[in-house]
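# Examination of the molecular architecture
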Amino acid sequence: MGKAKPKRKMASQPAPASASSQRGYRFLNPYNFVRTLEVRHPHVAPLLGRCAPPPHDRYVGLTGRIRCCLTATTPIFVSDSEGIKEDTVNSKVHRHHRFFRDPDDNVAIPGTSLRGAVRSIFEAATNSCFAHFAGEKRLSYHLLPEDALRLVPARVRKITDEDWKLELLPGTTPIDPQKRPAGHQYAAWVPLYRPLRASGTIAQASSTPYAQRQRLSLQGFTHGEQCQALIEPMRHPRRNFEFWNVVHLAKAGQPLPRPVGNQRQVTGYLCLTNQNIENKHDERLFFTDKNLPLVELPIEVRQKYEELIADYQERHSDAVRKRQHPERPQGGEPAFSRFILERTGRNEAKLRDGDLVYAMLEQSSGGYRVKFIVPVSVPRVGFERKIGDLLHPSELAKCEDYDRLCPAYRTFGWVWGDDLEQQRPELSKPTAYASRVRFSHARLTHDAGTFDATLAILSTPKPTTYRFYLRPRDGKPQNRLSDQQVGYDNPAQILRGRKVYRHHGSRLDPQEYQSVNGNKSDQNRTVHGVQKAGSRFEFTVEFENLAPVELGALLWSLRLEGWHHRIGYAKPLGFGSARIEVLSVSILNPEVRYASLSDTADGWIDRTDQIDVWIDNFKRAMAARYGAAFDQLANIRDLKALLADTPPLPVHYPRPTPQPQVQGKQYEWFVGNKRGGQNPGPRLALPLAADDQAGLPLIDKDGNVTE
């Protein structure tokens, strides 16, 4: 009898933070989300809803200036766009950045950075619309390997502009849409590459026909080209499936050697996607020995395919730009897929007549129906629901009508439309509104010291991590649910809210923001002149025509109850926390200002003593509109949880070990967490920000929880 597998340790339900020391190492995720609100009384406090903005050509509200002091509470770094230096490390470009300088070459925080930080708080606090929101974007997920085996090779046929078909090319095996191929795999294999990572199959079965296959040369051949091939049956020695192996290729009309043994001659189409994974050794030949009818290719399927290709291209755009020859492997890194590199223009068609694709089919009366098409055999697939379909409430989508702007757009300015393909409004309708607030640069008034650091790698957001980015419409996130229960296509799931990086406070640990062993690459940066905690800056905010409730919202967003703003670079690593103190508020009396030419009658009145009055007015208005005391509103509770105090646990991205890894294998935590099958991972969901005190455990790639 074999040894029994050790029982996997499962994560328990969250416990109070005080118990964390008894439960092993736990940590907090660097980000969480601020929830949105549902309006309870829509006719109350209308200026906190959507309405037309005031004019800029006359004084109709409060106009003045706010003088502020910003104090860094963790190291802070805002990069200058000038003075960037580069060095080459292992043939890759590593960049060095200096702190921002104003036109007089003084260290400063640019007004745009201040404006962005304050605006994000203002937007969340007033429950304004999502300013940067790709509602029409459809995210994608990796198709499970067992489902990918059901994909059928096909060729796109454009009959007319409206009539598109698919020519199915399943090789010699009958199509069963519900199962993997019952015989040989649908597409023939074209041995071409030496794997970047040694093949375990060849090492263990070196004497088999599979291991002795001869690589072909495709010089002179192109993707999609029709050609003739000599193929032979082959069995994979480890996985025990059958496929057709191409032993010779010839241009259409050119002779092939005479078949011997079980070989046969076929005509097909060469499908080349580049050596896009480390262990790839074959390309594919699409062919069939059957006379199958063409299958309808609906416009919805074509549109989703083009969205998918655009998603692939967007995901890899930065990495592609860094490679001189992205179509070829570089060192131990694979090449990029052909479809990522071609047809990248906004208006360039992603699908054309003659394209080779893989199709997921369903049985229908008299034939097949196409569910979706993809460019590779183990692909990403677009979700049915778009991001905008998960926004709740749905009216928080970006403002599109000048006469119905949310508080944030009316205060900080608005420009119509992010999408160039979006239909423009009538010429009589305004398409922009200038901001009513202006931020000066924040000049350094007290230097607490500086330091340089080579930072850890900062990766791009991963919104397809469902358990972190989505939550149930009703109730709280639950652990141990399947991907289907927590995914984008579950109508019970909604977006969690607005992403905010939590304040690290005294939990800030150099091992979390410094690169392991000081390693440098093209994926991280070295920053120079980082301002230490305690450095102080002063700046001014000028405003015009604000209603009292709007000025109260702006002042609250600046003071933030004494909590911590998040400004500048490396916020996930703990940089960029700062408190803002409002030093004074002055209001302009335009009648006095413009009624006299005297220097003494400038019309400015100190109203610093009214700050709390304006803020209280804003809080009462929010409570009345949303039906709860201000400090009990979900968005305010979440902001407090993320920005108020030093957290109770270490803060870093999920990973398998307490210390950062040289290899950067943090992704193994997510692999283990979502692991399926008979021995599933813990499938932990990120708690709501206001509930996130117990933290998360360490999880290895096999789904084992370390307590």
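Structure shown above.
Residues numbered from 1 in each chain as written. Predicted model: local features only at pLDDT ≥ 70, side-chain atom pairs only at ≥ 80, totals over all residues. Heavy atoms only, no water.

### Structural notes on the packing of aromatic side chains
Scanning all chains against the criterion turns up 33 aromatic pairs. Measuring from ring centre to ring centre gives 5.8 Å for W189 and F241, while their planes differ by 50°; the resulting arrangement is tilted. Of the two residues, W189 is situated in strand β11 (residues 188-191) and F241 in the loop between β12 (226-235) and β13 (242-251); the sequence distance between them amounts to 52 residues. Taken together, the ring pairs connect Y31, F33, F468, Y469, Y501, Y653, W669 and F670 into an aromatic cluster. (Phe/Tyr/Trp six-rings, centres within 6.5 Å; stacked < 30°, edge-to-face > 60°. Helix = DSSP H or I, 4+ residues; strand = E, 2+ residues; numbered from the N terminus.)

### Looking at the nonpolar core
Note on soluble globular proteins: their nonpolar side chains tend to be buried together. By size, the foremost hydrophobic cluster in this structure holds 85 residues, and its most contacted members are I66, I109, F539, L554, W556 and L558. Filtering out sequence-adjacent residues up to four positions away, I109 remains in contact with L70, I76, V78, F99, F100, L114, H441, A442, F537 and I567. Among the nonpolar cores identified, the runner-up in size contains 40 residues, and I175, Y269, V301 and V370 belong to it. (Core = buried A, V, L, I, M, F, W, Y, C linked by side-chain atoms within 4.5 Å. Buried < 20%, exposed > 50% of the residue type's maximum accessible area, 1.4 Å probe, protein only. Contact = heavy atoms within 4.5 Å.)

### Thoughts on the sheet that holds strand β1 (residues 26-27)
In space, the three strands of this open sheet follow the order β1-β33-β34, with antiparallel pairing throughout. The open sheet has two edge strands, β1 and β34 (705-706), and neither has a second partner. As paired strands, strand β33 (residues 696-699) and β34 are joined by two bridges and run antiparallel to one another. Opposite I699, over in β34, you have V705 as the bridge partner. (Pairing = 2+ DSSP bridges.)

### Looking at the environment of K532
Turning to its location among the elements, K532 is positioned in the loop between β28 (525-531) and β29 (536-546). The spacing of K532 and R119 is 413 residues in sequence and 24 Å in space, taken between C-alpha atoms.

### Points about the state of the cysteines
This model, assessed by the stated rule, comprises zero disulfides. The closest cysteine sulfur to the non-disulfide-bonded C227 is located on C271, 11 Å from its own sulfur. Residue C406 stays outside any disulfide, its sulfur separated by 3.6 Å from that of C129, the closest cysteine. (Disulfide = S-S within 2.5 Å.)

### Looking at the environment of D163
Along the chain, D163 falls in the loop between β8 (152-158) and β9 (164-168). The exposure class assigned to D163 is partly exposed, which follows from its relative accessible area of 23%. It is 8.0 Å that separates the C-alpha atoms of D163 and E296, two residues lying 133 residues apart in sequence. Ignoring anything within four residues of it in the chain, the contact list for D163 reads R157, K158 and E296.

### With respect to helix α12 (residues 611-626)
Its 16 residues give α12 an end-to-end C-alpha distance of 23 Å, which sits within 8% of 22 Å, the value for a rise of 1.5 Å per residue. Within α12, the full set of buried residues consists of I611, W614, I615, F618, A621, M622, R625 and Y626. With its buried residues spanning 120° around the axis, α12 presents them on a single face. Looking at the buried side of α12, the elements it contacts are β3 (62-72), α1 (111-125), α10 (548-559), β31 (577-588) and α13 (634-643). (Expected span 1.5 Å × (residues − 1). Arc of directions from axis to C-beta.)

### Some thoughts on the sheet that holds strand β16 (residues 295-296)
What the five strands build is an open sheet, ordered β16-β9-β8-β17-β18; its pairing is antiparallel. At either end of the open sheet lies a strand with only one pairing partner, and these are β16 and β18 (367-374). Direction of pairing for β8 relative to β9: antiparallel, over a ladder of five bridges. Opposite R155, over in β9, you have E167 as the bridge partner. Across the sheet, helix α4 (residues 299-321) lies against β9, β17 (356-364) and β18, angled at about 20° from β18, the strand it touches most. (Axes fitted to C-alpha atoms, helices over the stretch in contact; angles between N-to-C directions.)

### Focus: the pairing of β8
Most of β8 is tucked away, with five of its seven residues classed as buried. Sheet topology note: the β8/β17 ladder contains four bridges and is antiparallel. Across the sheet, residue A154 finds its bridge partner in β17, namely V357. The turn joining β8 and β9, which pair antiparallel and follow one another in sequence, is formed by five residues.

### Overview of the pattern of salt bridges
The full count for this structure, using the stated rule, is 51 salt bridges. Residue R498 is joined to E123 by a salt bridge in which the shortest nitrogen-to-oxygen separation is 2.7 Å. You can see R498 sitting in strand β27 (residues 498-501) and its partner E123 sitting in helix α1, a full 375 residues away along the chain. One salt bridge connects R138 with E307, and the closest N-O pair in it is separated by 2.6 Å. Of this pair, R138 sits in the loop between α1 and β7 (140-142) while E307 sits in helix α4; the two residues are 169 residues apart in sequence, bridging distant segments of the chain. What makes E307 partly exposed here is its relative accessible area of 24%. (Salt bridge = Lys/Arg side-chain N within 4 Å of Asp/Glu carboxyl O.)

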